[in-house]
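In case you want the letters, here they are:
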Amino acid sequence: MRRLFPLPAPPVPAADGTAAAPAAPGADDREWTLDELADAYAYPAADDPARAGRPGWLRANMVSSMDGAAHHDGHSQPLSSDADMRIFGVLRGVADVVVVGAETVRQEGYRPARAREAFAARRAVAGQSPAPAIAVVTAGLGLDFGLPLFTEALAPTVVLTGAGAPADRVAKARAAGVEVLFAGEGLGVDPSRVAGVLAERGHTRLLTEGGPMLLGQFAAAGALDEMCLSLAPVVTVGDAPRIMKGPAVEVPERFTLASVLEEAGFLFTRYRRS
């Protein structure tokens with residue numbers, strides 16, 4: 001893996017003539033350690049000006065083919081790679097909670113996030129649970145609450161819905177021991193309220209893995225702070241959706257390029273809200 005942007009400044013020898021400190025990971029093509037990747041994908045500090053007035057930081061992670069497909073045959077795995085999966089694991093390793101849509105949970109067969117020794121010390125210092133929680137966004141609560149996602153999670157999986165969700169299904173979820181949080185007054189969630197509701201539970205480092213409908217809702221609501229987009233060097237054609245799906249926004253929102261990594265033809269880009 002190599003960094004294409006921004007390139008690190010070359011090491012400068014100390015004034016006393018001693019050797020310079022090693023440069024940060026840069027243009028040299030090699031496998032980065034998980035610690036180096038975790039540093040590269042660290043969340044902005046609470047006092048970072050970019051976070052002013054926002055209860056948390058919502059980062060998205062998606063993969064796309066060269067022709068814009070968000071998945072192939074209903075799954076994202078055919079677009080992925082070893083490097084993409086390493087970054088996928090790192091993004092989970094530094095997050096408090098993973099926010100995901102119910103349809104993606106069903107299609108991808110979501111399981112609880114697992115604790116990884118590589119991130120244990122980092123998470124302990126940050127006051128995080130051993131593994132990130134999963135927060136499932138759903139309007140109808142059409143979920144199987146007996147699945148491992150709900151019964152075997154190290155950090156309890158929560159359900160995000162609206163106050164107008166079917167009362168019988170809310171009761172069924174709670175009877176199964178699932179915490180249901182309301183982030184909207186209607187049938188489904190209000191995307192602009194998700195970060196605030198999760199922040200009340202101590203979750204301020206948010207990661208969403210989609211799907212396209214949920215990500216489109218976050219973007220349209222101006223709730224998306226950062227986009228981590230893996231561009232796969234493949235073409236799928238077909239009619240798969242883009243990484244975001246929904247009505248067009250009135251004025252396109254501009255993001256600023258923060259970094260670009262490359263490995264085996266895959267580009268791992270990171271954009272921050274301007």
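Not measured: the values here are computed from a predicted model.

Draft legend 1. Here's a closer look at the overall build of the protein chain. The number of helices and strands found in the protein chain is eight helices and 10 strands. Against the 2.2 N^0.38 benchmark of 19 Å for 274 residues, the protein chain shows a C-alpha radius of gyration of 19 Å, consistent with a compact globule. Dimensions of the protein chain, computed from the C-alpha atoms along their principal axes, are close to 70 × 45 × 35 Å. A sequence separation of at least 24 residues applies to 68% of the contacts in the protein chain between residues at least 6 apart. Total accessible area on the protein chain is roughly 13500 Å²; 56% of this is exposed by carbon and sulfur atoms.

Draft legend 2. Quick peek at the pattern of salt bridges. Taken as a whole, this structure holds 18 salt bridges when the rule is applied. We note a salt bridge from R106 to E103, for which the minimum N-O separation is 3.2 Å. Here the residue R106 and the residue E103 both occupy positions in helix α3 (residues 102-108), the gap between them amounting to three residues, near one helical turn. Each of the salt bridges in this network shares a partner with another, and the network as a whole consists of D28, R30 and E36.

Draft legend 3. Summary view of the nonpolar core. Counting residues in hydrophobic clusters, the biggest one holds 43 residues, and the most contacted among them are M1, L37, Y41, V136, F150, V159 and F268. For this core, the element with the highest residue contribution is helix α2 (residues 82-93), accounting for four residues.

Draft legend 4. Structural detail: the sheet that holds strand β3 (residues 97-101). Overall, mixed pairing links the 10 strands, which are arranged β1-β9-β10-β8-β2-β7-β3-β4-β5-β6 in an open sheet. Two strands lie at the open edges of the sheet, namely β1 (2-5) and β6 (179-182), each paired on one side alone. Averaged over all adjacent pairs, the angle separating strand axes in this sheet is 25°, with direction ignored. Pairing geometry for strand β5 (residues 158-161) and β6, over four bridges, is parallel. Within the sheet, the bridge partner assigned to V159 lies in β6 and is V180. Across the sheet, helix α7 (residues 191-199) touches β3, β4 (133-137), β5, β6 and β7 (205-208), and the angle it forms with β6 is around 130°.

Draft legend 5. View of unusual backbone geometry. The omega torsion of the bond from F5 to P6 falls at -15°, within 30 degrees of zero and hence cis. You can see P6 is positioned in the loop between β1 and α1 (34-40). G211 follows G210 through a cis peptide bond whose omega is 5°. Within the fold, G211 resides in the loop between β7 and α8 (212-220).

Draft legend 6. Region of the structure containing the packing of aromatic side chains. On inspection of all chains with the given rule, the structure shows two aromatic pairs. Both rings, one in F266 and one in F268, keep their centres 6.1 Å apart while their planes meet at 10°; by these two values the pair is stacked. Here F268 falls in the buried class, since its relative accessible area comes to 1%.

Draft legend 7. Focus on a nonpolar patch on the surface. On the surface, a cluster of nonpolar side chains totalling about 380 Å² of accessible area is made up of M66, L231, V235 and V237. Secondary-structure assignment places V235 in the loop between β8 (226-231) and β9 (255-263).

Definitions and limits used
Every residue gets a number counted from 1 within its own chain, in the order that chain's sequence is written. Residue-level local features of this predicted model are given only where pLDDT is at least 70; pairs of side-chain atoms are given and counted only at 80 or more, and the full residue set underlies all totals for whole chains, interfaces and linings. Water and hydrogen atoms were dropped before computing side-chain values, which therefore reflect all heavy atoms in the structure. Every helix listed is a DSSP run of H or I at least four residues long, and every strand listed is a run of E at least two residues long, numbered separately from the N terminus. Taken over C-alpha atoms, the radius of gyration is set against a globule rule of 2.2 Å times the number of residues to the power 0.38. Residue contacts are defined here by distance: any two heavy atoms, one from each residue, within 4.5 Å place the two residues in contact. Surface exposure here means Shrake-Rupley accessible area, sampled with a 1.4 Å probe, where a residue is shielded only by the protein chains that are shown. We define a salt bridge as a side-chain nitrogen of Lys or Arg found within 4 Å of a carboxyl oxygen belonging to Asp or Glu. Remark: nonpolar core denotes a set of buried residues (Ala, Val, Leu, Ile, Met, Phe, Trp, Tyr, Cys) joined through side-chain atoms within 4.5 Å. Note on exposure labels: buried denotes an accessible area under 20% of the residue type's maximum, exposed denotes more than 50%, and partly exposed covers the range between, all computed with a 1.4 Å probe on protein chains only. Paired strands, in this sense, are two strands between which DSSP finds at least two bridges. Whenever a helix is involved, its axis is fitted only over the stretch in contact; in every case the axis is a line through C-alpha atoms, and angles between N-to-C directions fall within 0 to 180 degrees. Classification of ring pairs uses Phe, Tyr and Trp, with its six-membered ring standing for Trp, and accepts pairs whose centres are within 6.5 Å; under 30 degrees between planes counts as stacked, over 60 as edge-to-face, and the remaining range as tilted. For patches, a residue must show more than 30% relative accessible area and have no salt bridge; joins then use 9 Å for like charges and 5 Å for nonpolar side chains, namely Val, Leu, Ile, Met, Phe, Trp and Tyr.

These values are about where atoms sit, not about what they do.
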